[in-house]
Amino acid sequence: MIKNVLTHIGGIGLYGIVSICLFFAVFVGVLIWALTLKKGYLNSMRQLPLEDDSRLDAADTTPSRDE
Amino acid sequence: MNVETFRYDNKIVRAFAIATVVWAVVGMSAGILAATQLFWPEANLALQYITFGRVRPLHTNAVIFAFVGNGMFTGIYYSLQRLCKARMFSDFLSWFNFWGWNAIIVAAAITLPLGFTTSKEYAELEWPIDIAIAVVWVAFTINLLGTILKRRERHMYVAIWFYIATAVTVAVLHIFNSLSMPAGFLKSYPVYAGVQDALVQWWYGHNAVAFFLTTPYLGLMYYFLPKAANRPVFSYRLSIIHFWALIFVYIWAGPHHLLYTALPDWAQSLGMVFSVMLVAPSWGGMLNGLLTLRGAWDKVRQDPMLKFMVVAVTAYGMATLEGPTLAIKSVNSLSHYTDWTIAHVHTGALGWNGFLTFSVLYWLFPRLYNTKLWSTKLANYHFWIGLLGMMFYVVPMYTSGVTQGLMWKQFTDDGFMQYPNFLETVLQILPMYQLRAVGGLLYLAGVVLMAVNLYQTARSGKLVEEEEAKAAPLSAQPVHEEKKYRPHRFLEAKPVLFTALTILAILIGGLVEIVPLYLIKSNVPTIASVKPYTPLELLGRDIYIREGCVGCHSQMVRPFRSETERYGDYSKVGEFIYDHPFLWGSKRTGPDLHRVGRKYPDAWHYNHMEDPRSTSPGSVMPPYPWLLTQTLDTNVLPARIKALRKVGVPYPDGYENGDAQKDLASQQRDVVVGLSLGEVNAKPDREIIALIAYLQRLGTDIKNQSQTIAAQ
């Protein structure tokens, strides 16, 4: 009985649908956004972590860069 | 161009790194102690301070907040400075963060064994410590954002976004989940009760996993993996999608911890749908990590640091596939309350967080000390022993989880329960518990090897306390490029806006969960026969909380025949409206207790608590002899009743000034009489009396209701 009362709170069905729509809207938005980014920009961003400390490369435990 | 010279602070990084290693050993040792007690209760040495119920939160807090927390700060303080081409915003805040955080952990290590706990998982610390956490966290957040604002690199790399999301979300979660009414120093009651408390708690609990154990470590992955492999991340585009999708969806999925409980169905379904959707961003992130290593697998073979990283990222993928699977209701009906959950979290903790931390530490130490790793061979041993430990941990836990889950649900052909005695299902899995402890021991042994290796590495070099670097300030950098910006470029160049958007994203998800919470408030049907706890029961309940019984016992009978047969009528929302905090639990090492009231005579409980094996041969429940000797502290009663009244429990005004004490004394006498029927002589002022009063009350209000209906 109690469960029935709770499942039939007014507007809850709509509530669920609205939140899922909201999620998809944001998701699609981010997707479009990401897809329209320029290659040059993306490449420069990717390089950021590799730019910093060059001083300590001697201490690298890995063999040197192979690209 | 005018170039500035500045220094990176490596001392703070080293401090956090050392703390990480120290707490790893402490936290994992506590885990092994807890694991051992599960097949050999005597391992608690008959000390109340280290019984399972108190060691378990000690273990989880030490591993999550001490080990992973310090690990996260280590990685963030190192990478943030370099990604921003700036020293940390404030040295004072850095050290305040370090000492503050670690003092909090020490406070936790003292208060939890003493039994000061809120009982809410991963939020067990009491209110004064909660306030300290908030202060230290704010200091960290200011330091983080301050550094970002004074950066010399215009663009914010994706790792930084993950750090920002971590900082702001943990603050929001912590504050909302900790809202409680103090009832003395180191004691409080949450403002929420029952189903609401449960919902807030798991909104928090789930997102603590998301924003404490996942997002900061994803940030570390996006920085240290490319570093170690010496190649850029596979797809920056994917990392953008990964970030926004992850932070937006994660927050919504909390209710999956409460499937088939008294939580309303629609909230459960929403939690399930969003949990399943979480697979997408998570796997996007995992593939992004693994594909970064494409063409570098020869390197992975040689470099233990990369090996750890590969296993970590793979474990992330496994855990994030399994999580959504467990959120599917039919799977959850089997897995919930069993060791399957334990297996799941340890895939994440040992694999993802553990191995990623080890990887970062192995990479950092040689650089901090400007030397080479002392022994690559030893690091390799660590890798293999750690992996083996993980296997020995996780595989037995899956086996025991599934075995026990099936046994609970097994009916004979004639429709009777195949294993009506709960203990039988426990005894069946004890060998798995033993193997699990071995797994934990192996894993810890690996950590000790690492500690030695890092120590020797440090000794062989000299700490580069301040590392000099050069870069032009932002103001001196050409801006023409900015004019043709794309939205995201604009966004990540504007950290304040970015932070605001991140908060917005998590708040929307939060609201989706919190709004129903208030709908529930006005919609929880009150059951007339459900009454507040009596003073004695209340103090008994506080002992139940203090001893951490909730670590082994649930109080939530789900609506399955296998449960109603075993325990009695399933639990209704309306029964919990005075439960501050809720004690539904998440693991059944022992049977559910919601309908235990009046199931046994008082004397049974007395004997059982003194020595569980006297009534239940072979039981792994710890004996609680001290409850029989310790005197019940009734001085705390007025403060507790007042606090509960403030959060909405309808104790009459002035009840605490005499009437409550009278009720308490009379109920104590009743229990003593009840005990004497079972030939137990007990003094009325002992703690055990209160605990028995509480246990005998559990789940009986609704029985009263059916009795009155029957009588009419």
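Attention shifts here to the overall build of chain A. For chain A, the count of helices and strands is 3 helices and 0 strands. Listed N to C, the secondary structure of chain A is α-α-α in terms of helices and strands. Per-residue burial over chain A gives 36% buried out of 67 residues. Summed over all atoms, the accessible surface of chain A reaches about 3,900 Å², with 68% contributed by carbon and sulfur.

Counting along an α-helix, one turn takes 3.6 residues, and residues three or four places apart therefore face a common direction. Residue and element names in this part refer to chain B. Along its 39 residues, helix H15 (residues 422–460) runs 56 Å from first to last C-alpha, staying within 8% of the 57 Å computed at 1.5 Å per residue. Along its length, H15 reaches its greatest deviation from straightness, about 40°, at Ile 429, and the proline Pro 431 lies no more than four positions downstream. Its side-chain oxygen at 3.1 Å from the backbone nitrogen of Leu 423, Asn 421 defines the N-terminal cap of H15.

Taken together, Leu45(B), Leu47(B), Tyr49(B), Val106(B), Ile110(B) and Leu114(B) make up a surface patch of nonpolar side chains, about 540 Å² in accessible area. Secondary-structure assignment places Leu114(B) in the loop between helix H3 (91–111) and helix H4 (127–149).

All names here are of chain B. At their nearest, the axes of helix H21 (residues 602–610) and helix H25 (residues 659–677) sit 7 Å apart, and the two run at 85° to each other. Regarding the angle of H21 to H25, the classification is roughly perpendicular. Residue-level contacts link Asp 602, Ala 603 and Tyr 606 of H21 to Val 671, Gly 674 and Leu 675 of H25. Here the residues of the contact of H21 with H25 sort into 4 nonpolar, 1 polar and 1 charged.

What follows concerns the side chain of Lys120(B). Residues and elements named next belong to chain B. Structurally, Lys 120 is set in the loop between H3 and H4. A relative accessible area of 4% places Lys 120 in the buried class. When residues no more than four places from it in sequence are discounted, the contact partners of Lys 120 are Asn 177, Pro 190, Asp 197, Gln 201, Pro 581 and Phe 582.

Turning next to the domain arrangement of chain B. Residues and elements named next belong to chain B. Along its sequence, chain B is carved into domain 1 (4–470 + 484–514) and domain 2 (535–711). On a C-alpha basis, the centres of domain 1 and domain 2 stand 34 Å from each other. Counting residues at the interface gives 63 residues for domain 1 and 53 residues for domain 2. When the two sides are added together, the surface that domain 1 and domain 2 hide from each other amounts to roughly 4,700 Å², 64% of it contributed by carbon and sulfur. Our enumeration of links across domain 1 and domain 2 arrives at 4 salt bridges. Between Lys 187 and Asp 542 there is a salt bridge, and its shortest N-O distance comes to 3.1 Å. Put simply, domain 1 and domain 2 have 18 residue pairs in polar contact (both at pLDDT 80 or more) between them. Every element with two or more residues in the side of domain 1 that touches domain 2 is listed here: helix H2 (52–84), strand S2 (180–182), strand S3 (188–190), helix H6 (194–229), helix H12 (329–335), helix H13 (339–368), helix H14 (376–409) and H15. For the side of domain 1 that touches domain 2, a count of residues per class yields 36 nonpolar, 19 polar and 8 charged.

What counts and what doesn't
Residues numbered from 1 in each chain as written. Chains lettered and ligands numbered in written order. Predicted model: local features only at pLDDT ≥ 70, side-chain atom pairs only at ≥ 80, totals over all residues. Heavy atoms only, no water. Helix = DSSP H or I, 4+ residues; strand = E, 2+ residues; numbered from the N terminus. Buried < 20%, exposed > 50% of the residue type's maximum accessible area, 1.4 Å probe, protein only. Areas by Shrake-Rupley, 256 points an atom, 1.4 Å probe, with all protein chains shown as cover. Expected span 1.5 Å × (residues − 1). Bend = angle between axes of the 7 residues up to and from the residue. Polar contact = N/O pair within 3.5 Å; in protein donor to acceptor, adjacent residues only side chain to side chain. Patch = residues over 30% accessible without salt bridge, like charges linked within 9 Å, V, L, I, M, F, W, Y side chains within 5 Å. Salt bridge = Lys/Arg side-chain N within 4 Å of Asp/Glu carboxyl O. Axes fitted to C-alpha atoms, helices over the stretch in contact; angles between N-to-C directions. Parallel < 35°, antiparallel > 145°, perpendicular 65-115°, else oblique. Contact = heavy atoms within 4.5 Å. Nonpolar A, V, L, I, M, F, W, Y, C, P; charged D, E, K, R; others polar. Domains from an automatic or database assignment. Buried area = accessible area lost by both parts, 1.4 Å probe.

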